[in-house]
Each structure stands twice: as C-alpha cells, then as structure tokens.
Amino acid sequence: MVTSLFFYLFSFIITACAVMVISSRNPVHSVLFLILAFFNSGALFVILGAEFLAMMLVIVYVGAVAVLFLFVVMMLNINFSKIKEGFQKYFPIGSLIGFILFIEIILMVFSGDLLVNKNNELNDNIPNTHKIGSLLYTEYIYVFQLSGLILLVAMVGAIVLTLRERPGVKKQDIISQNTRKVSDVISIVKKESS
Amino acid sequence: MNLYGISGEIFLAISGMIALLISVFSSKDSSLKITTRFCNLSLLISLILIVLSHQNSGYLFNEMYVYDGLSLYSKTLILLGTILTLLIGSKPQKIDGFNQPEYPVLILFSVLGMVLMSSSKNLISLYMALELQSLPLYVIAAINRDNLKSSEAGLKYFILGALSSGLLLFGMSLVYGAVGDTSFSLISEVSSQNMSSILLVGLVFILSGLAFKISLVPFHMWTPDVYEGAPTPVTAFFAIVPKIAAITILVRVTFSAFDNAITSWQQIIIFLSLLSMILGSFAAIMQNNLKRLMAYSSIAHMGYALVGVASGLLEGVSGVLIYMAIYIIMNVGAFIIILSMRRDNQIVEEIYDLKGISKTHPFLAFSFVTILFSMAGIPPLAGFFGKWLVFYSAVNANLIFLAIIGVLTSVVGAFYYLRIIKIMYFDENDVNLDVVENKSSMAILGLMLFLTLSFGIFLNWFVETTMGIVSLI
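Residues numbered from 1 in each chain as written. Chains lettered and ligands numbered in written order. Predicted model: local features only at pLDDT ≥ 70, side-chain atom pairs only at ≥ 80, totals over all residues. Heavy atoms only, no water.

## Points about the sheet that holds strand β4 (residues 346-347) of chain B
Residue and element names in this part refer to chain B. One open sheet holds the 3 strands; their spatial order is β4-β3-β5, and the pairing between them is antiparallel. Of all the strands in the sheet, just β4 and β5 (434-435) have a single pairing partner and so form its edges. With 2 bridges connecting them, strand β3 (residues 341-343) and β5 associate as antiparallel partners. Residue pairing across strands places R342 opposite D434, the latter belonging to β5. (Pairing = 2+ DSSP bridges. Helix = DSSP H or I, 4+ residues; strand = E, 2+ residues; numbered from the N terminus.)

Pasting the structure below:
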C-alpha cells in the first residue's frame with residue numbers, strides 16, 4: 001500500500017518534470033527539471049529493490065550528464081527562440097506521429113504479450129551490486145569488453161576531432177627547454193676593436 | 001573457455017591499441033604512413049587467423065558470439081575490402097587535407113566492430129558491435145576538419161546514426177519484452193509459436209535501424225551528403241565495407257532469429273527493396289558529382305541485393321552473398337578511378353571532368369567502362385551474375401513483380417552509367433585531367449578488371465560455397 005503510494009507520487013513528479021522540461025522558457029530551468037526527473041526515477045528503482053541501478057542513475061545522469069547539459073546551456077549562448085521557430089509548422093505532423101506511437105504502445109502493453117517477470121529474485125540475501133558484478137564479469141564478459149573498446153574509440157575520436165596544433169602558437173616545450181645547451185644558444189663572437 | 005574461435009578478433013583489438021602507440025611515438029611526417037602499413041599488416045594477419053579458426057563452427061560466451069560459414073564468408077569480404085580500400089586510399093590522403101595517423105586506427109576498430117557484428121547471435125552483442133563499428137565512422141567522416149562539408153557530413157551522419165541506434169534499441173527492448181531473452185535461438189523459438197503484435201513491432205523497428213546502416217530507402221537521406229562531404233578515401237571505405245556487415249546481420253536477423261516468421265518480415269523487405277531500387281535509379285540521373293552518383297548507385301545496389309533476402313529462400317541468400325562479393329569488386333575499381341582524378345593538384349569529382357579521358361588514359365577509361373557496364377548488369381560481366389541470381393530467386397519465390405521492377409530499374413540505371421561512358425569516349429576535352437597513376441592502385445585496378453571480366457568462371461564455386469554456408473544458418 002505504502003509502496004504503491006510512493007510509486008504514484010514519484011511517477012507523478014517524473015511526468016510533471018518531463019512536461020516542464022519541454023515547456024519551460026528558461027533552458028536552465030529545463031535542465032534543473034531534468035535533474036529532478038532523474039532523481040525521482042532513481043527513487044523508483046529503490047522501490048523496486050534495485051539500489052545499485054538507483055545509485056548509478058544518480059551518479060551518471062545527474063552527476064555527469066545533467067551537469068554537462070547545464071554547462072553547455074550556460075556557456076554557449078544559444079538562441080532558443082530561433083530553435084523554436086519551426087514549432088508551429090512541425091506541430092501537426094509531430095503530434096500525429098507521437099499520437100500513433102502512443103496508441104501503439106498502449107495497444108501493446110494491454111495486449112498481454114509482454115512478459116512481466118513477477119517472481120523476481122531480488123529479495124534474497126545477496127545484494128544486487130554483487131549480483132550485477134558477478135554477472136558482468138562472467139556471463140557478459142564479452143559485451144563488457146566490447147563496451148570498453150567503444151569507450152576507447154570514443155576517446156580517440158574526440159581527441160582526433162578537437163586536438164589541433166595551430167602554427168605560431170607560443171607554448172612551453174619542456175623537453176626542448178631542458179635539453180638546451182649553453183653552446184647551442186650563446187656563441188662568443190670576437191669583435192675587433194676599431 | 002577456449003577462445004580459439006575469436007582469436008582473430010582479439011588479435012585485431014590488441015593490434016589496434018598497438019597501432020595507437022605507434023602513431024604517437026613515430027615522427028610526425030611519417031606516422032600516417034607507418035600506422036597505415038601496420039594496420040594493413042594486422043588486418044592481413046587477423047584474416048589468416050580468422051580463416052584458420054573458423055574451420056569448425058561453434059558458439060562462445062553463452063551463444064553471444066558464433067563462428068560459422070556465414071561469419072567466415074562475410075569476415076573475409078570485410079577484411080579484404082578494408083585492405084584494398086586502405087591500399088588505394090593511401091596515396092591521395094595528403095591532398096585530401098588530412099594526415100591524422102589515427103585514421104587507419106579508427107578504420108581498424110570499425111572493422112573490428114563489423115567483424116564482431118557478423119558473428120553476433122544475440123541482440124546485446126549485435127548492438128555493441130554495431131556501435132563499435134559506427135562510432136569510428138562518424139569520426140572519419142569529419143576527419144578533414146578544415147573542410148566545412150566534411151564536418152557537416154560527420155555531424156549529419158552522427159545525428160542520423162544516433163537516431164537509427166535509438167530505433168534499433170527500441171525494437172530490441174520490445175522483442176526482449178515479448179521473448180524474455182535476447183538470444184536469437186530463443187527469439188526464433190518464441191516467434192515460431194506465437195508471432196505476437198509486440199514482437200512484430202519490435203521486428204519493424206530493428207529492421208528500420210538496420211536499414212539506416214545499409215542506407216535503404218526511406219532511411220537513405222544521409223547517404224548522398226555524407227558520401228559527398230567525406231574525403232574520398234573515406235567515402236570509398238563507406239561505400240564498400242560497412243554494407244557487407246550490415247547485410248550479413250540483416251540476413252542473420254531474418255533467417256536465424258525470425259526464421260519462422262517469414263510472412264511478417266517479407267513484406268517489409270520487399271517494400272524497402274522496391275523503394276531503394278526505384279529511388280536509387282531515378283535520383284542518380286540528375287547527379288553530376290561522381291561521389292553523389294556512387295551514393296545513389298550504392299542505394300540501388302543494396303535494393304537489388306535485398307531482392308534475394310525478400311525471396312525468403314536459401315538460394316536467394318546465397319545470391320545476396322555473391323552479390324556482395326561482386327559489389328566490392330566493382331566499387332573498389334570505381335573508387336580507384338575517382339581517387340586518381342586530379343587537376344592542378346586539386347581533387348575534381350564532377351562527371352564532366354572525365355571528358356576525353358579515353359584518349360589521354362586509355363587503360364583507365366577502358367577499365368572504368370568495364371566496371372560501369374558491370375554495374376549496369378551487361379551479361380558477360382560480374383554484375384550481371386549478381387543480378388541474375390537474386391532475380392532468379394525472386395521468380396522462384398513467386399515474386400515476379402519484384403523481379404520485373406528490378407529489371408526495369410536496372411534499365412533506368414544503365415542510362416546514367418552509359419552517360420559517363422559517353423562523356424569519356426565521345427566528348428572532347430577542353431582541359432586535360434591529371435591522373436595520379438600510382439603503381440599499387442593500378443595493379444589492384446587490373447586485378448578488379450580481371451575479376452569483373454572473368455567472374456563467370458568462378459560462379460560455380462561461389463554458388464556451391466554460399467549454398468553450403470546458408471544451409472547451415
């Protein structure tokens with residue numbers, strides 16, 4: 001009873017936040033509402049007994065992604081009214097597609113084909129952090145390694161696209177400073193006195 | 001656990017990391033050259049390892065990774081195609097305005113993703129491999145950062161690729177919701193008993209996501225812009241290699257995961273194939289840029305190849321596999337010529353720049369003509385056999401209208417191929433075209449020319465091998 005009460009509370013807040021994210025005029029407010037939505041979905045995971053996922057959601061989405069968004073919104077001077085210009089033009093077709101997708105999802109959920117695993121074994125004594133860890137490093141080691149490779153590629157790609165050396169930029173080159181010898185730099189010229 | 005079946009891929013991953021180190025520690029002027037050579041060598045070694053380790057078939061990592069005839073075939077094509085594109089692209093890069101040594105490394109990681117993709121037998125491993133193959137592609141599309149078009153191509157490709165990944169994931173989650181598992185064998189079991197609506201919607205989304213990667217109409221919008229904007233060696237890679245992996249995984253999804261639900265996916269594939277053939281043929285008529293033309297031609301070719309999948313027959317799949325081999329041969333040949341076009345040390349890529357090339361460079365013109373005839377599907381050449389096999393399977397599956405439309409669109413396609421030939425042979429040139437004829441490219445062009453001319457001799461061997469492969473999917 002109490003759990004379902006909390007479930008509805010958190011779900012309501014998430015939905016309200018989601019609406020606010022797309023409707024608020026100030027982009028900073030949008031990001032803040034997004035963070036609130038993430039926190040509440042973390043709370044939903046706690047209700048399900050998945051405390052590890054809840055923590056990950058808060059750390060990854062709130063800690064990294066949302067703060068990144070906030071930085072982008074505040075640092076870059078984006079003209080949001082310009083982005084929203086086409087809103088009226090695209091609203092009918094967008095809402096039509098959204099409506100069709102919504103109907104499809106409703107039909108599917110109520111068709112009874114969805115397997116809902118009711119007897120989840122989350123309530124035994126092993127904490128689910130432990131469980132996820134042992135699964136990740138045994139059964140899913142292959143995809144775990146693959147995701148490592150994807151992160152490596154993402155890092156290399158980001159560096160390739162952003163690192164560039166402009167000619168004529170003055171910057172410190174420590175190796176060349178340290179390997180400088182007196183004889184390379186100073187030369188003694190004998191000047192004849194006139 | 002015995003990791004022998006995946007040894008080629010492990011080797012490729014490790015040598016990719018070593019290549020990164022090599023690119024850092026070699027001197028700035030030669031690092032691109034050295035890294036490219038190293039990557040070529042490691043691609044070759046991993047090809048040998050893969051051929052050796054895939055002699056038997058089996059599963060690894062809880063059936064997430066499968067090594068069998070199909071994966072061996074497509075891995076061989078992928079690795080050979082990559083080695084060829086790296087070889088033909090190794091000279092022109094300097095003029096193309098990029099010399100980042102990470103270029104071959106990114107290609108190597110992308111190839112690793114493709115190779116793993118053609119071996120995946122589980123939705124999770126499929127998705128991870130797909131991301132590993134597409135992430136480097138976004139970067140190398142934009143690798144010429146000083147060029148506005150290249151950056152635009154990278155961004156466009158990235159955004160649409162992310163969208164397609166979203167579609168794919170949405171479909172996968174629906175399939176997982178209906179099946180309760182992500183392995184293809186279990187999906188096949190459930191879909192044969194009860195093809196529920198949720199499974200069907202999931203299948204539609206998965207196929208749309210894959211159609212993005214193969215650039216089938218209506219998911220083709222990014223293709224011409226990305227092909228035009230990306231540096232030409234990169235375009236050659238885009239046009240040749242990723243398609244093989246994507247077609248392979250499409251075959252695996254349709255014939256391995258949803259093998260008992262042919263009626264559900266057949267109409268979708270027919271629809272995609274019809275639209276791709278029609279749009280690819282008609283839209284290319286208006287193009288004057290060779291790279292855009294190749295983009296539309298690749299869309300049309302993928303449409304033809306898909307006719308074989310649409311037939312739902314094993315001989316159709318064997319036709320698709322042979323079509324992909326022929327597709328590589330023709331495209332490598334065509335891109336060698338596009339890559340060698342220069343005027344005053346500038347890259348030119350308009351059709352009209354080819355005017356009068358038949359007099360100044362007869363060998364180049366002759367091989368281009370042969371390749372274009374082959375693409376149009378003129379009988380004794382390779383392209384004809386590919387089209388013949390897929391249309392034949394469509395007729396056998398009673399999809400006669402599909403075969404008829406395929407033949408009609410190839411006639412339309414023949415028009416724009418013949419237009420290039422007309423410009424090369426019958427138009428007078430006002431300004432001479434400089435052609436970079438480096439020896440290795442010309443040797444490869446000769447080889448491709450030989451294969452195009454003599455494919456009929458190898459046809460029986462190809463049909464037997466691919467029939468053996470597809471009977472075991």
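Now that the structure has been shown, the text picks up again.
## Points about helix α2 (residues 27-48) of chain A
Residues and elements named next belong to chain A. The terminal C-alpha atoms of α2 lie 32 Å apart, and with 22 residues this matches the ideal 32 Å at 1.5 Å per residue to within 8%. The N-capping residue of α2, defined by a side-chain oxygen 3.0 Å from the backbone nitrogen of V28, is N26. Downstream of α2 by one or two residues, G49 has phi in the positive range, about 90 degrees. (Expected span 1.5 Å × (residues − 1). Polar contact = N/O pair within 3.5 Å; in protein donor to acceptor, adjacent residues only side chain to side chain.)

## Re the pattern of salt bridges
Residues and elements named next belong to chain B. Here the structure, examined in full by the defined rule, presents 9 salt bridges over all chains. Across the pair D225 and K156 runs a salt bridge, and its minimum N-O distance is 2.8 Å. Residue D225 is located in helix α9 (residues 222-229), and its partner K156 is located in helix α6 (residues 148-179); the two are separated by 69 residues in the primary sequence. In this structure, D225 and R292 form a salt bridge, with 3.2 Å as the shortest nitrogen-oxygen distance. In this pair, D225 sits in helix α9 while R292 sits in helix α12 (residues 290-310), placing the two residues 67 residues apart along the sequence. Among the ionic contacts, a cluster of salt bridges with common partners joins K149, E152, K156, D225, E228 and R292. (Salt bridge = Lys/Arg side-chain N within 4 Å of Asp/Glu carboxyl O.)

## Quick look at the side chain of S297(B)
Residues and elements named next belong to chain B. Positionally, S297 belongs in helix α12. Judged by its relative accessible area of 1%, S297 is buried. In this view, S297 contacts M375, Y416 and Y417; residues no more than four positions away in its chain are not counted. (Buried < 20%, exposed > 50% of the residue type's maximum accessible area, 1.4 Å probe, protein only. Contact = heavy atoms within 4.5 Å.)

## Things to note about the confidence of the model for chain A
Mean pLDDT for chain A: 84, with 91% of residues reaching 70 or above. The lowest-confidence element of chain A is helix α4 (residues 80-83) of chain A, averaging 68 in pLDDT; the highest-confidence one is helix α7 (residues 141-162) of chain A, averaging 93. (pLDDT = per-residue confidence, 0-100.)

## A look at the packing of aromatic side chains
Residue and element names in this part refer to chain B. One pass over the structure, following the stated rule, counts 20 aromatic pairs over all chains. A ring pair is formed by Y157 and W222, whose centres lie 4.7 Å apart and whose planes are at 20 degrees; its orientation type is stacked. Taken together, the residues Y157 in helix α6 and W222 in helix α9 connect sequence positions 65 residues apart. On the accessibility criterion, Y157 (9% relative accessible area) is buried. The class for W222 is buried, based on a relative accessible area of 4%. (Phe/Tyr/Trp six-rings, centres within 6.5 Å; stacked < 30°, edge-to-face > 60°.)

## Some words on the side chain of S164(B)
The residue S164(B) is located in helix α6 in this model. For S164(B), the contacting residues outside a window of four places in its chain are G209(B), F212(B) and K213(B).

## So, the nonpolar core
All names here are of chain B. Counting residues in each nonpolar core, the largest one holds 187 residues, and the members touching the most others are I140 and F238. Here this core gets 19 residues from one element, more than from any other, and that element is helix α13 (residues 314-339). What F238 contacts, discounting residues up to four positions off in sequence, is L137, I140, A141, Y157, V226, Y227, A230 and K243. (Core = buried A, V, L, I, M, F, W, Y, C linked by side-chain atoms within 4.5 Å.)

## Structural notes on the interface of chain A and chain B
Between chain A and chain B, the contact holds 26 residues from the first and 40 residues from the second. Carbon and sulfur atoms supply 77% of the area that chain A and chain B bury against each other, a total of about 2,800 Å² over both sides. Between the two partners, chain A and chain B, sit 0 salt bridges. Linking chain A to chain B there are 2 residue pairs in polar contact (both at pLDDT 80 or more). Looking at the side of chain A that touches chain B, the elements with two or more residues in it are α5 (87-110) and α7 of chain A. With 15 residues, the single largest contributor to the side of chain A that touches chain B is α7(A). (Buried area = accessible area lost by both parts, 1.4 Å probe.)

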